[in-house]
Amino acid sequence: MIRRSIRPVAVAALAILALAVSVPAKAQVPFYIPLPGELAGQPGTLIRQEPVLGAPLGATATRILYRSRGLKGEPIAASGIAIAPVGPPPPGGRPVVVWAHPTTGVVPRCAPSLSLNFFHKVQGLLPMLQRGYVVVAPDYPGLGTAGPHPYLIGESEARAVLDAARAVARLPVGAGNRFVVWGHSQGGHAALYTGLLAHLYAPELQLVGVAAAAPATELGTLLRDDFKTAVGKILTAMTLWSWSRVFDAPIQDVVLSDEMPTASRLAEQCIETPFENLTAAMIEIPLQKKFLAVPDITRVEPWRSIMLRNTPGPLRRSLPLLMIQGTADTIVEPAVTEAYVERQCKAGGPVRFMLMPGIGHDPIARDMAPAAVQWMADRFAGAPPSDDCGR
């Protein structure tokens, strides 16, 4: 997500430069483009792979292109990076962690696997590798591969996660079929939907836990609250741009015609680096005066129905859940996460809920990664899950 704290001096010094070099969506990198006939095959099978330089010491990294399924069941390609410890795996294979990333953008060039500092983005990577886990980080459909990216669409995210877990087992890294999904923000949304769909979409895999930091849960509340802020307008523009293309929703009915070019420019930005965040923040400035043609996007169809369809319900009772939330988060409100935890508790599932004082949205996954990795280790070890329901 976008950092809110941009120093005024930096803004003054870089504003013109940021606007001057902002770039539209670029053509795809050849690795991510499947050739005719390459999409045929079972979801989770590999199309191609290539080594990636810069992996942590004692580990190897592989960029993968694998088969998945789109929202209509059509064959698509998805991409990501797998990181694994070197050396022989234990009997039964290495445990797998699927890292579901936060928002990076909605156009192909915003794929995390294209990032020059990719290994710093996977929160908890080093302790996971030290414990002998294989880590695979999917980009989600439409990032790296052909767009548009179905932003905050749970089924799309979950299929990419589950097929990544399948695909990594086909690499010579000793991955087993037991896995945890660990995600932040948009990735927390992906993690929850993975928990909802795993037993239906990939029953041969054994999901032993779901870990989510500041997840997007109530999409209507998220967009309604975030629209009040500059960061929220950027995320709203990306959401509307994505959904208008994925679902053919009439964006012209809800965005003022004069502001459509600005909204489109925002949707073409990536928001992974401080410079990219600054660029998006400068482009967003006109939307602070006017943007939407309706007072509440969450009450207008078909946007309302899309939001409701992609608001996750409770997980199965047998599936342990770790929820992490910072009290200083102004993008995902703590009360919204607490409300989801309450629903999960009422459904009877074990929930470990960590509400962390003073931590904001961006640093929560980084700061709490050690605790999350320990929780994962307990799940892989078969320890009884701790449960904060009723406390």
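Residues numbered from 1 in each chain as written. Predicted model: local features only at pLDDT ≥ 70, side-chain atom pairs only at ≥ 80, totals over all residues. Heavy atoms only, no water.

1. A few points about the overall build of the protein chain
The helix and strand tally for the protein chain stands at twelve helices and nine strands. Taken over the C-alpha trace, the protein chain has a radius of gyration of 20 Å; the compact-globule value for 391 residues is 21 Å, and the two agree within 12%. With the C-alpha coordinates of the protein chain rotated into their principal frame, the extents come out at 60 × 55 × 45 Å. Scored against the burial criterion, the 391 residues of the protein chain give a buried share of 58%. Within the protein chain, contacts between residues at least 6 apart in sequence are counted, and of these 78% link residues at least 24 apart. (Helix = DSSP H or I, 4+ residues; strand = E, 2+ residues; numbered from the N terminus. Rg over C-alpha atoms; globule rule 2.2 N^0.38 Å. Buried < 20%, exposed > 50% of the residue type's maximum accessible area, 1.4 Å probe, protein only. Contact = heavy atoms within 4.5 Å.)

2. Remarks on unusual backbone geometry
That bond from Gly-147 to Pro-148 is cis: its omega, 5°, falls within 30 degrees of zero. Counting through the fold element by element, Pro-148 comes out in the loop between β5 (134–138) and α4 (154–168). In this model, Glu-301 is joined to Pro-302 through a cis peptide bond whose omega is 5°. Its location among the elements puts Pro-302 in the loop between α9 (274–284) and α10 (303–309). Despite not being glycine, Tyr-140 shows a phi value in the positive range, around 80°. Here Tyr-140 shows up in the loop between β5 and α4. Look at Tyr-140 and you get buried, because its relative accessible area is 0%. One non-glycine residue with positive phi stands out, namely Ser-185, at about 60°.

3. Some remarks on the confidence of the model for the protein chain
Per-residue pLDDT for the protein chain averages 90, and the proportion of residues at 70 or more is 92%. Ignoring residues within four places in sequence, the model shows residues 2–25, a span with pLDDT below 50, making 41 contacts including any to other chains. (pLDDT = per-residue confidence, 0-100.)

4. As for the packing of helix α8 (residues 260–267) against α9
Between α8 and α9, the least distance of the axes is 9 Å, while the angle of their chain directions is 170°. Comparing their axes, α9 and α8 come out roughly antiparallel. Facing α8, whose interface residues are Thr-262, Arg-265 and Leu-266, α9 presents Ala-280, Ile-283 and Glu-284. Considered class by class, the residues forming the contact of α8 with α9 number three nonpolar, one polar and two charged. (Axes fitted to C-alpha atoms, helices over the stretch in contact; angles between N-to-C directions. Parallel < 35°, antiparallel > 145°, perpendicular 65-115°, else oblique. Nonpolar A, V, L, I, M, F, W, Y, C, P; charged D, E, K, R; others polar.)

5. Description of the pairing of strand β2 (residues 59–69)
In terms of burial, β2 is a largely internal element, nine of the eleven residues being buried. Two elements, strand β1 (residues 46–51) and β2, share five bridges in a ladder whose sense is antiparallel. For Leu-46, the partnering residue across the bridge sits in β2 and is Tyr-66. Pairing between β2 and strand β3 (residues 75–85): eleven bridges, direction antiparallel. Its bridge partner lying in β3, Leu-65 is registered against Ser-79. In this antiparallel pair of consecutive strands, β2 and β3, the connection spans five residues, and Gly-73 shows a positive phi of 85°. (Pairing = 2+ DSSP bridges.)

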